[in-house]
Amino acid sequence: MQGRDLPEQLTAFLARHERELTGFRRDLHMHPELAFAEHRTTGRLAERLRQVGLQPRTLPQGTGLICDIGDGPGATVALRADIDALPLTDEKDVPYRSTVPGVAHACGHDVHTTVLLATGIFLAQQDRAGALPGRVRLLFQPAEELPGGAVEVVKAGGMDGVDRIFALHCDPRQVVGRVGLRTGGITAACDQIMVRLSGPGGHTARPHLTSDLVYALGKIVTELPAALSRRIDPRAGFSLVWGRISAGSAPNVIPDDAVAEGTVRCLDDEAWHAAPDILKGLVESVASAYGADAEVTYRRGVPPTINEARSVDIMREAATSALGSDAVGPTPQSLGGEDFAWYLEHAPGALARLGTHSPDWSGPMLDLHRGSFDVDERAIGVGTRLMATTALTALWEHAPEGMRVDSEALA
């Protein structure tokens, strides 16, 4: 069942369900919901999964689902989709434009969700036919954009017993039908840092009687990025960028409080774990030279997403089998954050990029996190082929000896 018949089975399945899947995606697009408020989306998914005999369970906070398919003796493979939308206005003039003011699916999560739903329906069919040598766990995750939803899934047992995990993300810079893969760091850690300096202020005519916080803050803002380049391996892709600086209210007064806030991004897991202590030490050393007291608040966002080599190979084999060798190519690293990384703290896995750019589109790039974002909906079928074949390839690799198929049958 897993061999040469699989592409044909997927073709037949998608032919039967194409209209339903497009309609489902458009319905989600018209009714977007923000992080931890995805009640309608969760309800629609649960209803459809129950219709094919599955038993999804809602996460404790009320949105998001975990749903297992199969109970064979083999491995457990998890597949994840994020279901939340963004707080921005949908600017498109299309029939399925968002009906919720100020909320839009501008990152493709409606596509991710529809792909995973389709994959789940197909794999449930495979399970009924006895072609699932293990278990597939569907993770419909809330609140990726916040972030925080991945942590809630893990707390709810979503990664318990999982051997590998896979996901995809829309990529408007790749043509529909293409899949981008990368071993190692594919997205960055994204944290926030706030530095607050305090000390005795005073008149600008007598800076020697004060702690000149403006000067001290200027030193911290300009010297920290350079100092980090000598404290952290340059191959880690570490980036500290300040976004807000606030100090003082008059030109002739040295303030007694000053604040700088910024983001920390990193492509290396070891450097990410070390970053808070290194930054706090550097801030304190600079501040103390100018008699200022420093308070550093470091807020974790997401770790870097580090694709595991064998998991990438599994996705490459699956994509080649399902879509053809010409469909698979390399994809660059991004300094954007992705909370899929939290799952990789518990099991090896990989995130792929799914092309959504229509070759017929001649307008401006429909980039992520913009009100104009849209996709070529043929990406739904491409993503379903990829995810279903990936899950089955991973399961058959770990299948008990008596259930394994020969390697030629996977071609």
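All values derive from a computational prediction rather than experimental measurement.

## Side note on the domain arrangement of the chain
Looking at the chain, the domain boundaries give domain 1 (6-186 + 304-398) and domain 2 (189-302). Using only C-alpha atoms to locate each centre, domain 1 and domain 2 end up separated by 39 Å. Counting residues at the interface gives 13 residues for domain 1 and 12 residues for domain 2. Between domain 1 and domain 2 the total buried area reaches about 1,000 Å² when both faces are included, carbon and sulfur atoms providing 68% of it. Contact with domain 2 buries area across many residues of domain 1, yet Pro304, Leu335 and Trp342 alone supply 55% of it, more than any other trio. Applying the counting criterion to the domain 1 and domain 2 interface returns 0 salt bridges. Counting the contacts that link domain 1 with domain 2 gives 2 residue pairs in polar contact (both at pLDDT 80 or more). Classifying every residue of the side of domain 1 that touches domain 2 gives 5 nonpolar, 5 polar and 3 charged.

## Comments concerning the nonpolar core
Formed by 65 residues in total, the largest nonpolar core has its most connected members in Leu79, Leu123, Val136, Leu138, Phe140 and Phe166. Considering each element in turn, this core owes the most residues, 11 residues, to helix 8 (residues 378-397). Grouped together as the second largest cluster of nonpolar side chains are 52 residues, Val162, Ile220, Ala275 and Leu279 included.

## Quick word on the environment of Gly23
Relative to the helices and strands, Gly23 resides in helix 1 (residues 5-30). The spatial distance from the C-alpha of Gly23 to the C-alpha of Tyr96 is 9.4 Å, given a sequence separation of 73 residues.

## Thoughts on the packing of helix 2 (residues 39-51) against helix 3 (residues 109-128)
At a minimum axis distance of 10 Å, the contact between helix 2 and helix 3 shows a crossing angle of 15 degrees. Looking at the two axes, helix 2 sits roughly parallel to helix 3. In this structure, helix 2 crosses over helix 3, and the sense of that crossing is right-handed. Here helix 2 contributes Leu45, Arg48 and Leu49 to the contact with helix 3, which in turn contributes Thr113, Leu117 and Ile121. Tallied by class, the residues present in the contact of helix 2 with helix 3 amount to 4 nonpolar, 1 polar and 1 charged.

## Observations regarding unusual backbone geometry
Here Leu146 and Pro147 are connected by a cis peptide whose omega angle stands at -10 degrees. Mapped onto the secondary structure, Pro147 falls in the loop between strand 4 (135-141) and helix 4 (149-155). If you check the backbone angles, Ala143 has positive phi at about 55 degrees while not being a glycine. With respect to the helices and strands, the residue Ala143 is situated in the loop between strand 4 and helix 4. On the basis of relative accessible area, Ala143 is assigned to the buried category, the value being 0%. Of note, His369 is a non-glycine position whose phi angle comes to about 65 degrees, a positive value. Structurally, His369 is set in the loop between strand 16 (349-357) and helix 8. Look at His369 and you get partly exposed, because its relative accessible area is 42%.

Reading guide: rules and limits
- Within any chain, residue numbers begin from 1 and follow the written order of that chain's sequence.
- Per-residue local features are limited, in this predicted model, to residues with pLDDT of at least 70; the limit for side-chain atom pairs, both in listing and counting, is 80 or more; totals at the level of whole chains, interfaces and linings are taken over all residues.
- The side-chain quantities take in all heavy atoms of the structure and omit both hydrogens and water.
- Delimitation of the domains relies on an automatic or database domain assignment.
- We call two residues contacting when some pair of their heavy atoms lies within 4.5 Å.
- The buried area of a pairing is the accessible area, by a 1.4 Å probe, that goes missing from both parts when the two are put together, added over both.
- A side-chain nitrogen of Lys or Arg and a carboxyl oxygen of Asp or Glu constitute a salt bridge if their distance falls within 4 Å.
- For this analysis, a polar contact is any N or O atom pair within 3.5 Å, provided that within protein one partner can donate a hydrogen and the other can accept it, and provided that sequence-adjacent residues contribute only side-chain to side-chain pairs.
- Each residue is assigned to one of three groups, with Ala, Val, Leu, Ile, Met, Phe, Trp, Tyr, Cys and Pro labelled nonpolar, Asp, Glu, Lys and Arg labelled charged, and all others, Gly among them, labelled polar.
- By nonpolar core is meant a set of buried Ala, Val, Leu, Ile, Met, Phe, Trp, Tyr and Cys residues that side-chain atoms within 4.5 Å join together.
- When accessible area is computed with a 1.4 Å probe and restricted to protein chains, residues below 20% of their type maximum are described as buried, those above 50% as exposed, and intermediate ones as partly exposed.
- Labels follow the DSSP assignment, with helices taken as runs of H or I lasting at least four residues and strands as runs of E lasting at least two, numbered in each case from the N terminus.
- Think of each axis as a best-fit line through the C-alpha atoms, taken over the contacting stretch in the case of a helix, with angles from 0 to 180 degrees between the N-to-C directions.
- If an angle is under 35 degrees, it is roughly parallel; if it is over 145, roughly antiparallel; if it lies from 65 to 115, roughly perpendicular; otherwise it is oblique.
- In this scheme the handedness of a crossing depends on how the near helix is turned from the far one: anticlockwise by less than a right angle means left-handed, clockwise means right-handed.

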